[in-house]
Structures are given as C-alpha cells and as structure tokens.
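Take a look at the letters that make up each chain.
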Amino acid sequence: PGPVVYEAEDAAITAGVVESNHTGFTGRGFVNYNNAVGSAVEWTVTAAKAGPATVELRYANGTTANRAMNVSVNGTVVSPALAFAGTGAWTNWQTKTITVNLVAGSNKIKAVATTANGGPNVDKVTVS
Ligand code: GCU
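Residues numbered from 1 in each chain as written. Predicted model: local features only at pLDDT ≥ 70, side-chain atom pairs only at ≥ 80, totals over all residues. Heavy atoms only, no water.

Let's shift gears to the site of the ligand. Contacts to the ligand come from His22, Asn32, Asn35, Arg67, Trp90 and Asn121. Between His22 and the ligand, the recorded distance is 2.8 Å, taken from a side-chain N or O atom to an oxygen atom. Asn32 places a side-chain nitrogen or oxygen 2.8 Å from an oxygen atom of the ligand. Taking 320 Å² as the accessible area of the ligand by itself, protein coverage stands at 71%. Split into classes, the residues belonging to the shell around the ligand amount to one nonpolar, four polar and one charged. (Near = heavy atom within 4 Å. Polar contact = N/O pair within 3.5 Å; in protein donor to acceptor, adjacent residues only side chain to side chain. Areas by Shrake-Rupley, 256 points an atom, 1.4 Å probe, with all protein chains shown as cover. Nonpolar A, V, L, I, M, F, W, Y, C, P; charged D, E, K, R; others polar.)

Structure, rendered in structure tokens:
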C-alpha cells in the first residue's frame, strides 16, 4: 500500500493546541506543543501486516534549540531524544524519518517532548 497521512490535528494531543497561524502545513493546521516536558501527540496508525514501516514526521521549529522528543511505538520508546533541530522559521517545514516495527492492525505512535521547550510544531506523520 502507498503512504498514509495522519494529521497531528486529528491525533490525541496531550498539552498542546491545534493552530494554523504559520503557513505551509497540510490539513487544517498543526499541533503547537506546550513548552513543557511531556507535551505529546499520539497517532493511531493501521498496518496491513506486521513488520517494518517508515514513519516520516513533518515539523517546524523556528528557534535554534533542538526540541528533542521520545518517539514510542505501542508504549515502547524506539527513538529516544530524536532531534528536531531548528528549521529556520515556523513556516519552514522539514521531515524526520525513522523506521519502526508495527504490529498488524492498530498501532500507537507517540512523540513526547523531552525538554522544557516542548516539541516543535508538528504537522503530520506519513506512514509507508
Ligand atoms: C511561537 C510560535 C508557535 C510555537 C511557539 C513555541 O509562539 O508562534 O507556533 O509553537 O513559539 O516556541 O513553541
């Protein structure tokens, strides 16, 4: 199957808000993580079969500080403190790609801020 897009604004948000004031997002907007450790977005993604999948996170970070996040799959951190470096402007969106193992059916992919700055602004994940 081809890539499937899961918008952040449709995911489960912990300590963050959906906004649309910085252009370049897809869908209705993006999630502005609260500036706090533990702010998070959790997507529910479906896999046709168990095995490796490519997860591309699209984000913007208009600061110069790395807004690292722990990325977990089904409750296990698989990418600790994944770097989300500055992108130059809040309107400049970039992607970060990781490979994860999914189970067949429903999976939870969660990106949790690890610094007091919170996460970057997150637009979506694309799973393929
Ligand atoms: C600014 C920006 C937000 C961003 C925030 C932050 O307020 O407009 O989109 O989320 O900084 O530092 O997290």
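Moving on, we come to unusual backbone geometry. Not every positive phi belongs to a glycine, and Ala15 is a case in point at roughly 60°. Tracing the backbone shows Ala15 in the loop between strand E2 (12-14) and strand E3 (16-19). Since its relative accessible area comes to 36%, Ala15 is described here as partly exposed. Phi at Ala81 is positive, roughly 50°, even though this residue is not glycine. Tracing the chain through its elements places Ala81 in strand E8 (residues 76-82). (Helix = DSSP H or I, 4+ residues; strand = E, 2+ residues; numbered from the N terminus. Buried < 20%, exposed > 50% of the residue type's maximum accessible area, 1.4 Å probe, protein only.)

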